[in-house]
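Per-entry structural report
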Amino acid sequence: MSSNFKAANSVSGDVDGTGMRIALVCGRFNDHITNRLLEGAENALAVHGVAEADVTIVWVPGAYEVPMAALALIENGHADAVVCLGAVIRGETSHYDFVAGECARGIQDVQLTTGSPVIFGVLTTENLEQALARSSDEDNKGEESVRTAIEMVNLLRRLENDEQA
Ligand code: INI
């Protein structure tokens, strides 16, 4: 079924990161995976025009600590958006659900309370194989998360300026 209805306004963000300040928060736990996510993220920053001088990388012990560092970065004016990178692997922990769940909840809390994008680039997988697959050259959550961050910063700027696409 098709309709002739045409919404008057449509707004979205583009992925031009020129002049944007981006912070990356990386969990050291499972750093054989988070370093791969970081590499993907750095590739995407370069592709989308973010200058090296505008990027801050912060390392924290594990995914559980990521939201706290993201909050500090935003509250202290270090970034327009924060990309959170971590790897929580079920096979390696009995408290997977607490670490993964609290990390996700904390990240969402920070972005909704500060009004700045905080992106969930944290892998939550059943095993190492899945984590490797999602931090590869073909499929990299770090790369995807940087694109999401840039798109959200641009979208929020447009909505603030009451722009219409
Ligand atoms: N942190 C992770 O980032 N990934 C994990 O898989 C993990 N496991 O397996 O426990 C993990 N735990 C550490 C946690 O993030 C905190 O650093 C720790 O509990 C101290 O608060």
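Before going into details, it helps to say that this report is about the structure given with it. (Residues numbered from 1 in each chain as written. Predicted model: local features only at pLDDT ≥ 70, side-chain atom pairs only at ≥ 80, totals over all residues. Heavy atoms only, no water.)

Among the nonpolar cores identified, the biggest contains 23 residues, and I22, L24, V83, L85 and V146 are the most heavily contacted of them. Those elements that place two or more of their residues in this core are β1 (22-27), α1 (31-47), β3 (81-89), β4 (118-125) and α5 (141-160). Among the elements that line this core, the one with the most residues is α1, at six residues. The residues contacting I22, other than those within four sequence positions of it, are L45, V50, D54, V55, T56, A79, A81, V83 and I150. (Core = buried A, V, L, I, M, F, W, Y, C linked by side-chain atoms within 4.5 Å. Buried < 20%, exposed > 50% of the residue type's maximum accessible area, 1.4 Å probe, protein only. Helix = DSSP H or I, 4+ residues; strand = E, 2+ residues; numbered from the N terminus. Contact = heavy atoms within 4.5 Å.)

So, about the packing of α1 against α5. Following both chains from N to C, one finds α1 and α5 inclined at 40 degrees, their axes separated by 6 Å at the closest point. One way to sum up the angle between α1 and α5 is to call them oblique. Note on packing geometry: the crossing formed by α1 with α5 is right-handed. Across the interface between the two elements, L37, G40, A41, A44 and L45 from α1 touch K141, G142, E143 and V146 from α5. Taken together, the residues of the contact of α1 with α5 break down into five nonpolar, two polar and two charged. (Axes fitted to C-alpha atoms, helices over the stretch in contact; angles between N-to-C directions. Parallel < 35°, antiparallel > 145°, perpendicular 65-115°, else oblique. Left-handed = near helix turned anticlockwise from the far one by under 90°. Nonpolar A, V, L, I, M, F, W, Y, C, P; charged D, E, K, R; others polar.)

Contact geometry for helix α2 (residues 66-75) and helix α3 (residues 96-114): axes closest at 8 Å, N-to-C directions at 15 degrees. Comparing their axes, α3 and α2 come out roughly parallel. The element α2 and its partner α3 pack so that their crossing is right-handed. Contacts from V66, P67, A70, L71 and I74 in α2 reach E102, C103, G106, I107, V110 and T114 in α3. Class assignment of the residues belonging to the contact of α2 with α3 gives a composition of eight nonpolar, two polar and one charged.

With that out of the way, let us pick up the pairing of β3. In regular strands, side chains alternate between the two faces of the sheet. Among the nine residues that make up β3, nine are buried, leaving the element largely enclosed by the rest of the structure. Neither face of β3 is open: one carries A81, V83, L85, A87 and I89, the other V82, C84, G86 and V88, and all of them are buried. Inspection of the sheet shows β1 paired to β3 by five bridges, in the parallel sense. Pairing of C26 across the sheet is with L85, part of β3. Examined bridge by bridge, β3 and β4 share eight bridges and lie parallel to one another. Note on β4: the bridge partner recorded for C84 is F120. (Pairing = 2+ DSSP bridges.)

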